[in-house]
Amino acid sequence: MKRIYNFSAGPAILPEEVLQQASAGVLEIDGTGMSILEVSHRGPNYEAIHHDAENRLLSILGLSSNEWQPIFLGGGASLQFAMLPMNFLSSNQTADYVNTGEWSTKAIKEAKRYGKVNIAASSEGNKFASIPTEFNLTPDAAYLHITTNNTIEGTEWPALPSAGKAPLIADCSSDIFARDIPYDRFHMLYAGAQKNAGPAGLTIVLVRKDFLESANADVPTMLSYKTHAGAGSLYNTPPVFSIFVFDLVLKWIEERGGLENMDRCNRRKAGLIYEALDEFPDVYDPAVTNKADRSLMNVTFRLKDKGREAEFLAGAQLREMDGLKGHRSVGGFRASIYNAFPETGCAALAAYLREFAVS
Ligand SMILES: Cc1ncc(COP(=O)(O)O)c(C=O)c1O
């Protein structure tokens, strides 16, 4: 199998070892004579994988199973934009949201259907090119919501904000497992798996058990976190194949030294590309000028000379680099370099950036 450098934002590159193990599991699981796609989600083979994934998830993030409830869902992170306020916001309450990009904007839109929303801070004024540092918090907010990594704009919170008394809740879709951050500072976090954690189809939710107790009661059964928590994410058929591959990705992360090593590698990888971009200010326009706010996962940039964009992409294709086109809403370029993306690919892009700049 020939692999190219896949810079896609999601679904995104997965470790080759994981792909090989996943393909073996598609043919047969544990000598059962059946594929992972064919066994019951209530049978022992799948159940072992399900519990293994729950335990590894908590262990990698440094969260205790006494305090935290993992939940595996479908519907993407986008469904969480609505499920979160349905469960934890009432019409007479206010939730604080920080608006740092298109995904935060979508989360805010959904929350407004269920209660009052205070925009505690926003970087919309500078086209989401930075992370806000000043907040206007509601004293008794139901929660404060942030997006830890802004996949489209290429910004990332350099440190978690102080939420005051409000529970801190985060959309970690594009940087879960990427950095060694104190996950126990959150009351709840969620992530679509298809960037740094596995295939599309699985959404990971982690919620503190005491916070879950306070969830609203009048929520439709399938949209209530309590339903899924109470049934160990087996209330209905979960996305079994995605959870199987997610578990393989978790093992891969553990074997490579967990969050500490992911953090170290990701800083080095992103550094290679940002360094090359910053060397040629007349040619490249990195979208995020405040270096502390730059994403380790999604490096966004434009060419000063927009007329050369097609030439840049064609040159990248020739060098077997795919997926560098920026999100359709912002244009330019985006190099998504999740955990599984190899350092050699970052070095190759850095070399190409230098070559292109002097051509
Ligand atoms: C930060 C963030 N939040 C939410 C989403 C939406 O995820 P999904 O497509 O799983 O609904 C994305 C997708 O790219 C994202 O990057």
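Nothing here was measured: the structure is a model prediction, and the numbers come from that model.

Focus on the site of the ligand
- What surrounds the ligand is the set Gly 10, Gly 76, Ala 77, Ser 78, Trp 103, Thr 147, Thr 151, Asp 171, Ser 173, Ser 174 and Gly 192.
- Broken down by element, the residue count for the shell around the ligand peaks at three residues, all from helix α3 (residues 76-88).
- For the shell around the ligand, a count of residues per class yields two nonpolar, eight polar and one charged.

A closer look at the domain arrangement of the protein chain
- The assigned domain composition of the protein chain is domain 1 (16-255) and domain 2 (258-357).
- Averaged C-alpha coordinates put domain 1 and domain 2 at centres separated by 27 Å.
- Counting residues at the interface gives 24 residues for domain 1 and 25 residues for domain 2.
- At the level of elements, β6 (149-150), β7 (155-156) and α7 (240-255) are the ones that each hand at least two residues to the side of domain 1 that touches domain 2.
- For the side of domain 1 that touches domain 2, the per-class residue count stands at eight nonpolar, eight polar and eight charged.

Looking at the nonpolar core
- Counting 102 residues, the largest nonpolar core has Leu 189, Ala 191, Ile 204, Phe 246, Val 249, Ile 273 and Ile 337 as its most contacted members.
- The leading source of residues in this core is α7, at nine residues.
- A domain-level breakdown of this core finds at least three residues from each of domain 1 (16-255) and domain 2 (258-357).
- If we skip the residues at most four places from it in the chain, Leu 189 touches Ile 169, Ala 170, Cys 172, Tyr 183 and Leu 206.

A word on the pairing of strand β8 (residues 168-171)
- Here strand β5 (residues 144-147) pairs with β8 via four bridges, running parallel. Bridge assignment links His 145 to a residue of β8, and that residue is Ile 169.
- Judged from the three bridges that link them, β8 and strand β9 (residues 188-192) form a sheet pairing that is parallel. Looking across to β9, one finds that Ile 169 is bridged to Met 188.

A few points about the environment of Glu 110
- Note on placement: Glu 110 falls in helix α4 (residues 102-111).
- For the pair Glu 110 and Leu 84, spaced 26 residues apart in sequence, the C-alpha separation works out to 9.2 Å.

So, the packing of helix α8 (residues 258-279) against helix α10 (residues 343-357)
- At their nearest, the axes of α8 and α10 sit 8 Å apart, and the two run at 5 degrees to each other. On the basis of the axis angle, α8 is roughly parallel to α10. Residue-level contacts link Cys 265, Arg 268, Lys 269, Leu 272, Ile 273, Glu 275, Ala 276 and Leu 277 of α8 to Glu 343, Cys 346, Ala 347, Leu 349, Ala 350, Leu 353 and Arg 354 of α10.

Some words on the packing of α3 against α4
- Between α3 and α4, whose axes approach to 8 Å, the crossing angle comes to 35 degrees. As for how α3 packs across α4, the hand of that crossing is right-handed. Counted together, Ser 78, Phe 81, Ala 82 and Pro 85 of α3 and Lys 106, Ala 107, Glu 110 and Ala 111 of α4 form the full contact between these two elements.

A closer look at unusual backbone geometry
- Residue Pro 11 is reached from Gly 10 by a cis peptide bond, and omega for that bond is -5 degrees.
- As for its placement among the helices and strands, Pro 11 is situated in the loop between β1 (5-6) and α1 (16-27).
- A positive phi angle is found at Lys 127, which is not glycine, with a value near 55 degrees.
- Even without being glycine, Glu 320 reaches a positive phi, approximately 60 degrees.
- Along the chain, the position of Glu 320 falls in the loop between α9 (309-318) and β13 (321-322).
- Take Glu 320: there are 13 C-beta atoms within 10 Å of it, and that puts it in the partly exposed class.

Comments concerning the environment of Gly 345
- Secondary-structure assignment places Gly 345 in helix α10.
- Counting along the chain gives 340 residues from Gly 345 to Tyr 5, while the straight-line C-alpha distance between them is 5.9 Å.

Some remarks on the sheet that holds strand β2 (residues 68-73)
- A sheet is described by the order of its strands in space; here seven strands give the open sequence β2-β10-β9-β8-β5-β3-β4, paired in mixed fashion. A strand with exactly one partner marks an edge of an open sheet, and here the two such strands are β2 and β4 (116-122). Direction aside, the axes of adjacent strands within the sheet are offset by 20 degrees on average.
- Across the sheet, α4 is in contact with β3 (94-99), β4, β5 and β8; its angle to β3 comes to roughly 165 degrees.

Re the sheet that holds strand β11 (residues 284-286)
- Pairing in this open sheet of three strands is antiparallel, and the strands run β11-β12-β14 from one edge to the other. Each edge of the open sheet carries a strand with a single partner, namely β11 and β14 (333-336). Ignoring which end each strand starts from, the neighbouring axes of this sheet average 30 degrees apart.
- In this sheet, β14 lies alongside strand β12 (residues 298-303) in antiparallel orientation, the contact comprising four bridges. Pairing of Phe 301 across the sheet is with Phe 333, part of β14.

Thresholds, definitions, all that
- Every chain's residues receive numbers from 1 upward, in the order its sequence appears when written.
- Confidence filtering applies because this is a predicted model: local features only for residues at pLDDT of at least 70, side-chain atom pairs given and counted only at 80 or more, and all residues used for totals across whole chains, interfaces and linings.
- Being near a molecule or strand means, for a residue, that its C-beta atom, positioned from the backbone, comes within 6 Å of it.
- Working definition: helices are DSSP H or I runs of at least four residues, strands are E runs of at least two. Numbering for both runs from the N terminus.
- Each residue is assigned to one of three groups, with Ala, Val, Leu, Ile, Met, Phe, Trp, Tyr, Cys and Pro labelled nonpolar, Asp, Glu, Lys and Arg labelled charged, and all others, Gly among them, labelled polar.
- Where each domain starts and ends comes from a domain assignment, either automatic or drawn from a database.
- Note that contacts rest on C-beta atoms placed from the backbone: two residues are in contact if these are within 7 Å.
- Throughout this description, the term nonpolar core refers to a group of buried Ala, Val, Leu, Ile, Met, Phe, Trp, Tyr and Cys residues whose C-beta atoms join them within 7 Å.
- Put simply, a residue is buried when 20 or more other C-beta atoms lie within 10 Å of its own C-beta and exposed when 12 or fewer do; between those, it is partly exposed, and each C-beta is set from the backbone.
- What makes two strands pair is DSSP finding at least two bridges between them.
- Note on geometry: axes are C-alpha line fits, over the in-contact stretch for helices, and angles between N-to-C directions span 0 to 180 degrees.
- For this classification, under 35 degrees means roughly parallel, over 145 means roughly antiparallel, 65 to 115 means roughly perpendicular, and everything else is oblique.
- It is the rotation of the near helix from the far one that decides the hand of a crossing: anticlockwise by less than a right angle makes it left-handed, clockwise makes it right-handed.

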